[in-house]
Amino acid sequence: MSDAAGETETKQFDAVIRGGQVLDGTGAPARAMDVAITGERIAAIAAPEDSANWHGLLDIDAANRVLAPGFIDVHTHDDNAVLIDPAMPAKISQGVTTVIVGNCGISLAPITDIDPPPPLNLLGGRDSFQFGSMAGYLAAVETARPSVNVAALVGHGTLRVGRMDDVDRSATAVEIADMRDKLAASLAAGAIGLSTGLHYKTSHAADTAEVIALAEVLAETGGIYTTHMRDEADQIMASLQETQTTAQRANVPVVVSHHKCSGPANWGRSGETLAFIETARESVTMGLDAYPYAAGSTVLDPDWVSDQIRIMITTSQPYPEAKGRDLSDIAGEWQCSLQDAAARLAPAGAIYFQIDEADMQRILAYPPTMIGSDGLPHDEHPHPRLWGTFPRVLGHYCRDLGLFDLATAIHKMTGLPAKTFGLRDRGVIREGAYADLVVFDPERIIDLATYEDPVQQAAGIDYVLVNGALSLRQGDLGPGRSGRVVRNH
Ligand code: ZN
Ligand code: CU
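Counting starts from 1 at the beginning of each chain's written sequence and moves along it residue by residue. Lettering of chains starts at A and numbering of ligands starts at 1, both following the order in which they are written. Local features in this predicted model are restricted to residues of pLDDT 70 or higher, and side-chain atom pairs are both shown and tallied only at a pLDDT of 80 or more, whereas totals for entire chains, interfaces and linings draw on every residue. Heavy atoms throughout the structure, all of them, feed into the side-chain values; hydrogens and water do not.

Caption draft 1: Seen up close, the overall build of the protein chain. In this description a helix means any DSSP run of H or I spanning at least four residues, a strand means any run of E spanning at least two, and both kinds are numbered starting from the N terminus. Within the protein chain, the regular secondary structure consists of 15 helices and 22 strands. We compute the radius of gyration from the C-alpha atoms alone; for a globule the expected value is 2.2 Å times N to the 0.38, where N is the number of residues. Since a compact globule built from 489 residues should have a radius of gyration of about 23 Å, the 22 Å found for the protein chain is in line with a globular shape. With the C-alpha coordinates of the protein chain rotated into their principal frame, the extents come out at 80 × 50 × 45 Å. Each residue gets one of three labels from its accessible area relative to the maximum for its type: buried under 20%, exposed over 50%, partly exposed in between, using a 1.4 Å probe on protein chains only. Across the 489 residues in the protein chain, those meeting the buried criterion constitute 60%. Sequence-distant contacts, at least 24 apart, represent 74% of the contacts inside the protein chain between residues at least 6 apart. Accessible surface, the protein chain as shown: approximately 17,900 Å² in total, 49% of it carbon and sulfur. For the protein chain, the centre of its 37 positive side-chain charges and the centre of its 63 negative side-chain charges are spaced 3 Å apart. Note on definitions: a residue-residue contact is assigned when non-hydrogen atoms from the two residues lie within 4.5 Å. The accessible surface values rely on the Shrake-Rupley method and a 1.4 Å probe; as for residues, cover is taken only from the protein chains in view. Only four residue types enter the tally: Lys and Arg on the positive side, Asp and Glu on the negative side, with His and both chain ends excluded. Throughout, a charge is located at the NZ atom of Lys, the CZ atom of Arg, the CG atom of Asp or the CD atom of Glu.

Encoded structure:
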C-alpha cells in the first residue's frame, strides 16, 4: 500500500485504455476496468475510481465498448501471407492479433525446390517454398515483422513431399526416421506442433502408425498435434477414433481441425460426433476448432465434386475469369460434366457448400470449440471467412442469434486457444500479460464479407493493439507492425 501522498502522484504509462467493459478471456463476466500498458505488456488493471492518477502517452477512450484480449486465429494458412503482405489487413481488421500457421499438413517450411502439389499450392508457387528449415522461416517472419503474432505448426504433408519420392504409400522406417529428425529440428527452432491433412492426396496413404511415430516426437517437447482428419464425411466416426488413438498412443494433446459433418448424407450427425469427442476428452486432451459458415473451401479436386452441393470457384490458374462463378454454370456453358469442368479449371480453388447450418451451430456452441477461420489468403475470390470469421461469431451468432453469451464467445477466441496451444502470457487480460488487445462495439460488430463480395472489412472494431503497439485505430490500419514469432519454449 502506498501512503496518502503516493496515491495522488501521477503514474505514467505508455498507454491507458479507459472506460471499457473488460472481458478478460477466461470466460468471466464483464467488469468496468481501466487497463494500463508499459512496453509490450499490461502494467496495471484497476477500477475507474482507482485510476484517476494514471497518465498515458496514448489515451484510448473505450466508453460503451468491450475491451478483450486480441483474438487468436487457431486455424490459418497464413504462412506465406505474413511474409508477402505483413500488414495482414484481413486479420488485424477483425481484431485478430495472433495467427497459427501450418495447419492441415501444409507448412511453408521445411522444404525447398518443389513444384508444390495440391494442397501445398494453397500457400503459393515454387518461388514461395524457399525455407529448408523452420529456423529460417521463423527468422524471415521476424524480419517481415507482420502486424500479427505468428505461431507455426509443421505440416506432415510438407514433410512427406520433402522426403518421399512417392507419397501414394506409407513411409518406410528410414523415411519416418528422417521426418522425425526434421520435425524435432523444427520444434527446437520454435515450432509449436505438428499438423496433418490425412484427407489430402499428399498424405492419405500414410497409415496411423506413421502418424503416431511422428506425433511421438511432440511428447518430448510439449508440442500439440492438429489434424484435418482422413474423412469428415461418411467415415467421420472412424476418423475421430483414429484421432483419439493417435493422441493416446503418442501421448499428445490433439485438436480436431475445422470440425464438420460433410455432405448431405451426413448432415445432422454432429450430435454423434460431439458425443464421441465429449467421451474421448475423458481419456485424452482433445480440442476442436470451427469456422462460422455452412461452407468449406480448399483446392478444387475433380474427385470431390458432385451435383449434390453448390460449388463456387475461388481461383483458377488457366481460367482466372472463373472466380466467383458456380462450377455448375461453367460446366453448363462448356457442355461437360462437373468433373471435366473441374479438371479443366485446375489448379484451382473452390467453396463447397457441404455443411448443414444446424450442425455448424451445434459445433460452434459446444463449449470446447475454438474459433479458427481457415481463411485462404491467396484466393482471388476467397471464402468470406478470411475477412469475416471473428466479427461473424460475435455479431451474428452471439448477439443476434444468442448461441452463447459474449464472455463465452471471447473465451473461445482468446483464453481457450492460448491455453490449448501453449501461447504463454497471451489470450488473457491480466497484469504481466502481453498487451494484445481489441476494443469493439458489441452493438455494431458484424462481418460484411459475403460469398458474392468477400473482400470486405468487418464493422465495429475500433482499436487493436499488438504487443502494446496500436495497429488499428478507428477502424484504420495503424502505421505500426509489431507482431512477434511465438515460440513453444
Ligand atoms: Zn483443412
Ligand atoms: Cu485448413
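Caption draft 2: Representation of the coordination of the zinc ion (ligand 1). Protein coordination of the zinc ion (ligand 1) is provided by C104 (SG), H228 (ND1) and H258 (NE2), with donor distances spanning 2.0 to 2.2 Å. Read from N- to C-terminus, the donor residues coordinating the zinc ion (ligand 1) fall into the pattern C-x123-H-x29-H. Metal sites are built from N, O and S donor atoms within 2.8 Å, or 3.2 Å for Na, K and Ca, and they leave out water, so they may look incomplete. The metal-metal distance between the zinc ion (ligand 1) and the copper ion (ligand 2) is 3.0 Å, with C104 coordinating both. Separated by 30 residues along the polypeptide, H228 in strand β12 (residues 224-228) and H258 in the loop between β13 (254-256) and α9 (270-280) bring together distant segments of the chain. In this structure H228 comes out as buried when scored by relative accessible area, which is 6%.

Caption draft 3: Fine view of the sheet that holds β12. As summarised here, the arrangement of the eight strands in space is β6-β7-β10-β11-β12-β13-β14-β18, forming an open sheet in which the pairing is parallel. What marks the edges here is a single partner per strand, and that holds for β6 (71-73) and β18 (369-371). For this sheet the average axis-to-axis angle between neighbouring strands, irrespective of direction, equals 30°. When DSSP finds two or more bridges between a pair of strands, those strands are recorded as paired. Of the strand pairs in this sheet, β6 and strand β7 (residues 96-101) are connected by three bridges, and their pairing is parallel. Note on β7: the bridge partner recorded for F71 is V96. Packed on one face of the sheet, helix α5 (residues 156-163) meets β10 (149-155) and β11 (193-197) and runs near 50° to β10. Sheet strands touched by helix α7 (residues 208-221): β11 and β12. Its angle to β11, the strand with the most contacts, is close to 160°. Between N-to-C directions, angles span 0 to 180 degrees; the directions come from axes that are lines fitted to C-alpha atoms, helices contributing only their stretch in contact.

Caption draft 4: Representation of the coordination of the copper ion (ligand 2) within the structure. Bound to the copper ion (ligand 2) on the protein side are H75 (NE2), H77 (NE2), C104 (SG) and D374 (OD), at distances that span 2.1 to 2.4 Å. All geometry calls rest on donor angles, where a four-donor set with angles between 85 and 135 degrees is tetrahedral, four- and six-donor sets with opposite donors more than 155 degrees apart and all others between 65 and 115 are square planar and octahedral, and all else is irregular. Relative to the metal, the four donor atoms surrounding the copper ion (ligand 2) lie at angles of 83 to 167°, and the coordination shape comes out irregular. Sequence positions of the residues that donate to the copper ion (ligand 2) give the spacing H-x1-H-x26-C-x269-D.

Caption draft 5: A look at the pattern of salt bridges. Here, a salt bridge means any side-chain nitrogen of Lys or Arg that lies within 4 Å of a carboxyl oxygen of Asp or Glu. Under the definition given, this model contains 29 salt bridges. Here R126 makes a salt bridge to D115, at a shortest N to O gap of 3.2 Å. Of the two residues, R126 sits in the loop between β8 (111-112) and β9 (130-131) while D115 sits in the loop between β8 and β9, which places them eleven residues apart along the sequence. A relative accessible area of 59% places D115 in the exposed class. For E452, the salt bridge goes to R310, with nearest N and O atoms at 3.9 Å.

Caption draft 6: The domain arrangement of the protein chain, seen in detail. With domains assigned, the protein chain is organised as domain 1 (70-294 + 355-424) and domain 2 (298-350). Across the contact, 13 residues belong to domain 1 and 14 residues belong to domain 2. By buried area we mean the combined loss of accessible area, with a 1.4 Å probe, across both parts when two parts are placed together. Counting the surface lost from both domain 1 and domain 2, the interface buries some 1,100 Å², and carbon and sulfur atoms represent 58% of this. Notably, a salt bridge pairs D303 with K201, separated by 2.8 Å at the nearest N-O pair. Under this definition, polar contacts are N or O atom pairs within 3.5 Å; protein pairs additionally need one hydrogen-donor-capable and one acceptor-capable atom, and for neighbouring residues in sequence, both atoms have to be side-chain atoms. The tally of links between domain 1 and domain 2 comes to six residue pairs in polar contact (both at pLDDT 80 or more). As used throughout, domain bounds are those supplied by an automatic or database domain assignment.

Caption draft 7: Fine view of α9. Burial in α9 covers these residues: S270, T273, L274, F276, I277 and A280. Buried residues in α9, looked at end-on, bunch into an arc of 155°, giving them a common side. The inward-facing, buried residues of α9 contact α8 (236-250), β14 (286-290) and α12 (357-365). Note: the arc covers the axis-to-C-beta directions of the helix.

Caption draft 8: Representation of the environment of A15 within the structure. Following the sequence through the fold, A15 ends up in strand β1 (residues 11-22). On the basis of relative accessible area, A15 is assigned to the buried category, the value being 2%. Note: C-alpha distance between A15 and N121 (106 residues apart in sequence) is 42 Å. Leave out the neighbours within four places in its chain, and A15 touches V35, A36, I37, G56 and L58.

Caption draft 9: Focus on the sheet that holds strand β15 (residues 296-299). Strand order in the open sheet made by the three strands is β15-β17-β16, with antiparallel pairing throughout. The sheet is open, and its two borders are formed by β15 and β16 (311-316), each paired with just one other strand. Within this sheet the neighbouring strands show an average axis-to-axis angle of 20°, counted without direction.

Caption draft 10: Focus on the confidence of the model for the protein chain. A score between 0 and 100, pLDDT records how confident the predictor is in each residue. In this model, the protein chain carries a mean pLDDT of 96, and residues with pLDDT of at least 70 account for 98%. For the protein chain, helix α1 (residues 4-8) is the element with the lowest average pLDDT, namely 54, and β6 is the one with the highest, namely 99.

Caption draft 11: Up close: the pairing of β10. Counting buried positions along β10 gives seven out of seven residues, so the element sits mostly inside the fold. Of the two faces of β10, both are covered, the one formed by N149, A151, L153 and G155 as well as the one formed by V150, A152 and V154. Where β7 and β10 come together, four bridges link them in parallel fashion. Of the residues in β10, the one forming a bridge with T98 is N149. In terms of strand pairing, β10 meets β11 through three bridges, oriented parallel. Across the sheet, L153 pairs through a bridge with G193, a residue of β11.

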